[in-house]
Amino acid sequence: MSRAVTGMLAGMALAFAGWFGGFGAFLLVAALGAVGAVLGRLVDEGTDWREFLALGDRRNR
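Please read these numbers as outputs of a predicted model, since none were measured by experiment.

Rules behind the numbers
Residues numbered from 1 in each chain as written. Predicted model: local features only at pLDDT ≥ 70, side-chain atom pairs only at ≥ 80, totals over all residues. Heavy atoms only, no water. Helix = DSSP H or I, 4+ residues; strand = E, 2+ residues; numbered from the N terminus. Buried < 20%, exposed > 50% of the residue type's maximum accessible area, 1.4 Å probe, protein only. Areas by Shrake-Rupley, 256 points an atom, 1.4 Å probe, with all protein chains shown as cover. Phe/Tyr/Trp six-rings, centres within 6.5 Å; stacked < 30°, edge-to-face > 60°. Expected span 1.5 Å × (residues − 1). pLDDT = per-residue confidence, 0-100. Axes fitted to C-alpha atoms, helices over the stretch in contact; angles between N-to-C directions. Parallel < 35°, antiparallel > 145°, perpendicular 65-115°, else oblique. Left-handed = near helix turned anticlockwise from the far one by under 90°. Contact = heavy atoms within 4.5 Å.

S.K.: What is the right way to read the overall build of the chain from this model?
M.R.: From N to C terminus, the chain includes three helices and zero strands. What you see in the chain, going N to C, is helices and strands ordered as α-α-α. For the chain, buried positions account for 5% of its 61 residues. Summed over all atoms, the accessible surface of the chain reaches about 5300 Å², with 68% contributed by carbon and sulfur.

Laid out in structure tokens, this is it:
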């Protein structure tokens, strides 16, 4: 699945949460989505969490 489709699905999920659940549900879905994205990236790349959070070198590898 392309990143554009993934972004569209995330946007639709946030829109539905905001429409049907209110602003609190919107924030909850956004926060849990961000946590899921970070965990998914860590699992996919097999990176150590300290490397992920490091503010130093940000060049493409």
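From this point, the discussion proceeds with the structure in view.
S.K.: Please explain the packing of aromatic side chains as it appears in this structure.
M.R.: Each aromatic ring pair is described using two quantities: the centre-to-centre distance and the angle formed by the ring planes. Enumeration over the complete set of coordinates arrives at two aromatic pairs. Arranged with centres 6.0 Å apart and planes meeting at 5 degrees, the rings of phenylalanine 16 and phenylalanine 20 form a pair that is stacked. Linking phenylalanine 16 with phenylalanine 20, this pair stays in helix α1 (residues 3–21), spanning four residues, or about one helical turn. Ring geometry for phenylalanine 23 and phenylalanine 26: centres 6.0 Å apart, planes at 20 degrees, overall stacked. Within this pair, phenylalanine 23 and its partner phenylalanine 26 are both found in helix α2 (residues 23–45), separated by three residues, close to a single helical turn. Residue phenylalanine 26 is classed as partly exposed on the basis of its relative accessible area, which comes to 29%.

S.K.: Just checking my understanding: could you explain α1 for this structure?
M.R.: The α-helix winds at 3.6 residues per turn, so residues separated by three or four positions along the chain end up facing the same way. For α1, built from 19 residues, the straight-helix expectation of 27 Å at 1.5 Å per residue is met to within 8% by its first-to-last C-alpha distance of 26 Å. A positive backbone phi angle near 90 degrees is found at glycine 22, which sits one or two residues after α1.

S.K.: Sorry if this is basic, but what is going on with the confidence of the model for the chain here?
M.R.: For any part of a model where pLDDT is low, the fine detail of the predicted coordinates should not be relied upon. The predicted model of the chain averages 77 in pLDDT, with 80% of residues at 70 or higher. No element of the chain has a lower mean pLDDT than helix α3 (residues 49–53), which averages 69, and none a higher one than α1, which averages 84.

S.K.: Which parts of the structure should I look at to understand the packing of α1 against α2?
M.R.: In a packed pair of helices, the relevant descriptors are the angle between the two axes and the axis-to-axis distance. Between α1 and α2, whose axes approach to 6 Å, the crossing angle comes to 155 degrees. For the element pair α1 / α2, the angle class is roughly antiparallel. Crossing hand, α1 versus α2: right-handed. Along its contact with α1, which presents Ala13, Leu14, Ala17, Gly18 and Gly21, the element α2 presents Phe23, Ala25, Phe26, Val29 and Ala30.

S.K.: Help me understand α2 in this model?
M.R.: For α2, spanning 23 residues, the distance from its first C-alpha to its last is 33 Å, which sits close to the expected 33 Å at 1.5 Å a residue. Following α2 by one or two positions, glycine 46 has its phi on the positive side, about 65 degrees.

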